[in-house]
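Survey of secondary and tertiary structure
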Amino acid sequence: MKLVHISDIHISAEPILGLDSVANFRKCLAYVEAHDHDADRVVITGDLTHFGLEENYLELKAILDGSSLKDKLEPRLMIGNHDNREMFASMFADTCRDGAGFVQWTEQTPAGLFVYMDTVDQGKHSGRYCAQRMDWLRTVLDKARSDGQRAYLFMHHNPVRVHVANADIIGIVDERALQALLAEYRDTVAHLFFGHCHYTLSGSVCGIPYSAPRSTNHICWPEFSGEINRMGYGDLAPNYNVCFLNENSTVVHSIDFLEADEVKWKIYTDLELH
């Protein structure tokens, strides 16, 4: 199964750190349309907007309505700390919510069960996955386990400390409770996908591998000084991830879509290949 994982598009009417988030997201979608039309799913893991305003969601709706990504390729939209849960739900009539009103749901896919999680603590940049949400997740994973399915979890916030101070203070604040639950289901959860940090990440937590792309707009530079108020950014390449989910492997590629015109191609002859 081929998955396109996009995150942190930050749709805004005003430039963010001197960058046009709308133009960059349009270029990202155009590249996906041109090169990843054979994908099975497109998922955007939150921070759909920068301010959570009605006008931002209207802009996003207009972009998506004009896109050729429809049906199975219609982007699955998740919320992040820059979004407003109620505004988002009011603007997107098909928003899936659990019984408590959180924007989280599941979907059957060729690779297994996709689990879309709501880690937003409204009004705060840090995330939270409270007991109520964990009960929902436990029920979902129990069912997946009993059905013999692999589960792939999607969330906005980093569920593990990444050793960059300004990212770790706004990760999931109750991360250890969530990690304890993940450890119980490491036989069922195949991979974790998240965003929020704005730089490319990969690793594992509780024996479960994870990956995260950069933002499609403003990129952060990972640095390990421990200074909470220090953030590196600049003229860095935004990206999204293309993931191949197979029975015995998960492969993740980072696509620097704005730099595609710099690629040169060489076609090898049979003689050169031997």
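Only a predicted model underlies this, so the values are computations on that prediction, with no experimental measurement involved.

1. Describing the nonpolar core
In this structure, I6, F25, L60, F154, Y240 and L245 are the most contacted members of the largest nonpolar core, which totals 43 residues. If you tally residues by element for this core, the top one is helix α1 (residues 21-35), at 5 residues. Leave out the neighbours within four places in its chain, and L245 touches M1, L3, A111, F114, Y152, F193 and T250. In terms of nonpolar packing, the next biggest core, distinct from the first, is built from 33 residues, L178, V189, C197 and V205 among them.

2. Regarding the packing of helix α4 (residues 131-146) against helix α6 (residues 175-184)
At a minimum axis distance of 11 Å, the contact between α4 and α6 shows a crossing angle of 10 degrees. Of the possible angle classes, the one that applies to α4 and α6 is roughly parallel. When α4 is examined against α6, the residues M134, L137, R138, L141 and R145 are found in contact with a partner set consisting of A177, L178, L181 and E184. Considering only residue class, the contact of α4 with α6 consists of 6 nonpolar, no polar and 3 charged.

3. Details of the sheet that holds strand β2 (residues 41-45)
Taken in spatial order, the 5 strands make up an open sheet running β3-β2-β1-β12-β13, and their pairing is mixed. Among the strands making up the open sheet, the edge pair consists of β3 (76-78) and β13 (250-255). Averaged over all pairs of adjacent strands, the angle between their axes in this sheet comes to 20 degrees, without regard to strand direction. Pairing of strand β1 (residues 2-6) with strand β12 (residues 240-245), which is carried by 4 bridges, proceeds in the antiparallel orientation. Looking at the pairing, V4 lines up with V242 of β12.

4. Description of α4
Given a rise of 1.5 Å per residue, 16 residues ought to cover 22 Å, and the 22 Å separating the end C-alpha atoms of α4 matches this to within 8%. Taken together, the buried positions of α4 are R133, M134, W136, L137, V140, L141 and A144. Around the axis of α4, the buried residues are gathered within 155 degrees of arc, so they sit on the same side. Turned more than 90 degrees off the buried face of α4, the exposed positions are A131, Q132, D135, T139 and S146.

5. Some remarks on unusual backbone geometry
Backbone geometry at D47 places phi at a positive 50 degrees, although glycine is not the residue there. As for its position among the elements, D47 is in the loop between β2 and α2 (54-65). The exposure class of D47 is buried, given its relative accessible area of 1%. In this structure, H163 takes a positive phi of about 70 degrees despite not being glycine. Looking at the secondary structure, you find H163 in the loop between β6 (151-154) and α5 (165-168).

6. Thoughts on the packing of aromatic side chains
The full count for this structure, using the stated rule, is 11 aromatic pairs. Taking the centre distance of 6.3 Å and the plane angle of 80 degrees together, the rings of F114 and Y116 count as edge-to-face. With respect to burial, F114 and Y116 carry one shared label: buried. Taken together, the ring pairs connect W105, F114, Y116, Y152, F154 and F193 into an aromatic cluster. Sitting over the face of the ring of F92, K61 holds its NZ or CZ atom 5.1 Å from the ring centroid.

About the thresholds
- Residues numbered from 1 in each chain as written.
- Predicted model: local features only at pLDDT ≥ 70, side-chain atom pairs only at ≥ 80, totals over all residues.
- Heavy atoms only, no water.
- Core = buried A, V, L, I, M, F, W, Y, C linked by side-chain atoms within 4.5 Å.
- Buried < 20%, exposed > 50% of the residue type's maximum accessible area, 1.4 Å probe, protein only.
- Helix = DSSP H or I, 4+ residues; strand = E, 2+ residues; numbered from the N terminus.
- Contact = heavy atoms within 4.5 Å.
- Axes fitted to C-alpha atoms, helices over the stretch in contact; angles between N-to-C directions.
- Parallel < 35°, antiparallel > 145°, perpendicular 65-115°, else oblique.
- Nonpolar A, V, L, I, M, F, W, Y, C, P; charged D, E, K, R; others polar.
- Pairing = 2+ DSSP bridges.
- Expected span 1.5 Å × (residues − 1).
- Arc of directions from axis to C-beta.
- Phe/Tyr/Trp six-rings, centres within 6.5 Å; stacked < 30°, edge-to-face > 60°.
- Lys NZ or Arg CZ within 6 Å of the ring centre and 35° of its normal.

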